[in-house]
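Here's the letter readout for the chains.
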Amino acid sequence: MSLKNLPKENNVYETERLIIQRISVDDSEFIFDLYNRPKFIQYIGNRCINTVADAEKYIKNRFLPQFDKSGFGNYLVVTKDKGEKIGAVGIFEREGLDVVDIGFSLLEEFEGKGYAYEAALQVKSIGMDLFGLKKISAITTKDNYSSQKLIEKLGLQFRNYVTLPDDNEELMYYETE
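Cut-offs applied
Throughout, a residue's number is its position along its own chain's written sequence, starting from 1. The predicted origin of the model limits local features to residues at a pLDDT of at least 70 and limits the giving and counting of side-chain atom pairs to 80 or more, whereas totals for whole chains, interfaces and linings rest on all residues. Note that the side-chain values use all heavy atoms of the structure and ignore hydrogens as well as water. Per the convention used, a helix needs a DSSP run of H or I reaching at least four residues, while a strand needs a run of E reaching at least two, with both numbered from the N terminus. Contact criterion: two residues are considered in contact whenever any of their non-hydrogen atoms come within 4.5 Å of each other. UniProt positions are given in the numbering used here, feature names are shortened, and annotations may be inferred rather than shown by experiment. Partly exposed residues are those whose accessible area sits between 20% and 50% of the maximum for their type, while under 20% is buried and over 50% is exposed, using a 1.4 Å probe and protein chains only. In protein, a polar contact means a hydrogen-donor-capable atom and an acceptor-capable atom, both N or O and within 3.5 Å, with residues adjacent in sequence counting only if both atoms are side-chain atoms; elsewhere, any N or O pair within 3.5 Å suffices. Think of it as the arc spanned by the lines of direction from the helix axis to the C-beta atoms.

### Side note on the side chain of Ser70
Line of reasoning, step 1. You can see Ser70 is positioned in helix α3 (residues 52-70).
Line of reasoning, step 2. Leaving out residues up to four positions away in the same chain, Ser70 has contacts with Glu93 and Phe131.

### Focus: the UniProt feature "domain: N-acetyltransferase" (unreviewed entry) in the protein chain
Line of reasoning, step 1. When the UniProt feature table is mapped onto this chain numbering, "domain: N-acetyltransferase" (unreviewed entry) sits at residues 18-177.
Line of reasoning, step 2. Between the end C-alpha atoms of residues 18-177 there is a gap of 27 Å, over a span that is 36% helix and 25% strand.

### Re the side chain of Asn144
Line of reasoning, step 1. Relative to the elements of secondary structure, Asn144 occurs in the loop between β6 (137-140) and α5 (145-153).
Line of reasoning, step 2. The class for Asn144 is buried, based on a relative accessible area of 7%.
Line of reasoning, step 3. A polar contact is formed between the side chain of Asn144 and the side chain of Ser147, at a distance of 3.1 Å.

### Digging into helix α1 (residues 28-35)
Line of reasoning, step 1. Among all positions in α1, only Ser28, Phe30, Ile31, Leu34 and Tyr35 are buried. Down the axis of α1, the buried set is contained in an arc of 160°. They therefore lie on one face.
Line of reasoning, step 2. Against α2 (38-43), α3, β3 (74-79), β4 (85-92) and β5 (101-106) lie the buried residues of α1.

Here it is in structure tokens:
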């Protein structure tokens, strides 16, 4: 993959209200909390992160290698005004999908404020403008209406249903033009 522009050296990006930075092992406690929230497990899935140490291993084994390989991956979303960690948004190379996938999750107390859209729009731009990705996809469960709405607001269009390897749930698949 050829880079259109070089990404920011420190992998930190900003929007009007948010700081979007590469997830690191220092974020293990936050990932443990986020990934064990009932809505995360319901809509995204159980990642079997049962301890903070599991979260650290997950970051080291899943997130950091993708950054090393592709230059992009999962980003921590932090509010500018209070410096609160509120969620994660990223572009993922996912087995079973030919096009990289944008994903997002927020702590429930920060939903409904436009943060997920603001962060996801920035990360979509990082992928397409900085890394020259031609297409981005998104997947979601059939009952996750708020994610479907956000995905469509990002300009992705429903294409079909897919089932990922080692999973039996049929997911909605969206893609940019």
